[in-house]
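Architecture and fold: a report
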Amino acid sequence: MDTQNLENAAVKIQSWWRGNMVRRTLLHTALRAWVIQCWWRSMQAKMLEQRRRLALRLYTCQEWAVVKVQAQVRMWQARRRFLQARQAACIIQSHWRWHTSQTRGLIRGRYEVKASRLELDIEILLT
């Protein structure tokens, strides 16, 4: 072999070696980039899930607040209707008692407060 063939063979071996090294470096770089991309995608998915959970929690808090306000308003309305009905019943009872006392007879009585007891004497006269 002459020196020219040896140099050509050496150049081919060196270029093959350099090509292998470049391909290996590119492969390692691509693998590292892929690992970083996978990690970044997983972090984005976690952040999206956290934002979704936070939005859901805020929505449920708002809905619960609305439900509580509605319950309070309904309770206030029911209580108001109950108090009106009770007041009407008291008025009807007092009128009925007055009416029965006027139509049935007279009530005479006296009362005394002695110490801690109330003594009451009632006499009803029917006419």
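What counts as what
Residues numbered from 1 in each chain as written. Predicted model: local features only at pLDDT ≥ 70, side-chain atom pairs only at ≥ 80, totals over all residues. Heavy atoms only, no water. Helix = DSSP H or I, 4+ residues; strand = E, 2+ residues; numbered from the N terminus. Buried < 20%, exposed > 50% of the residue type's maximum accessible area, 1.4 Å probe, protein only. Areas by Shrake-Rupley, 256 points an atom, 1.4 Å probe, with all protein chains shown as cover. Phe/Tyr/Trp six-rings, centres within 6.5 Å; stacked < 30°, edge-to-face > 60°. Salt bridge = Lys/Arg side-chain N within 4 Å of Asp/Glu carboxyl O.

1. Section: the overall build of the protein chain
- When you go through the protein chain residue by residue, the secondary structure sums to 1 helix and 2 strands.
- The secondary structure elements of the protein chain, listed N-terminal to C-terminal, are α-β-β.
- For the protein chain, buried positions account for 2% of its 127 residues.
- Within the structure as shown, the protein chain displays about 12400 Å² of accessible surface, and the carbon and sulfur contribution to it stands at 62%.

2. Brief notes about the packing of aromatic side chains
- Taken as a whole, this structure holds 2 aromatic pairs when the rule is applied.
- Between the aromatic rings of W39 and W40, the centroid separation amounts to 6.2 Å while the plane-to-plane angle is 45 degrees, which identifies the pairing as tilted.
- For W39, a relative accessible area of 49% corresponds to the partly exposed category.

3. Quick notes on the pattern of salt bridges
- With the rule as written, the count across this model stands at 2 salt bridges.
- The partner of E49 in a salt bridge is R52, with the nearest N and O atoms 2.7 Å apart. Of this pair, E49 and R52 are both found in helix α1 (residues 3-104), 3 residues apart, which corresponds to roughly one turn of the helix.
- The partly exposed category is assigned to E49, whose relative accessible area is 29%.
- Across the salt bridge formed by R53 and E49, the nearest N and O atoms sit 3.1 Å from each other. Taken together, the residues span about one helical turn, with R53 and E49 both in helix α1 at a distance of 4 residues.

In short, shape yes, function no, at least from these values alone.
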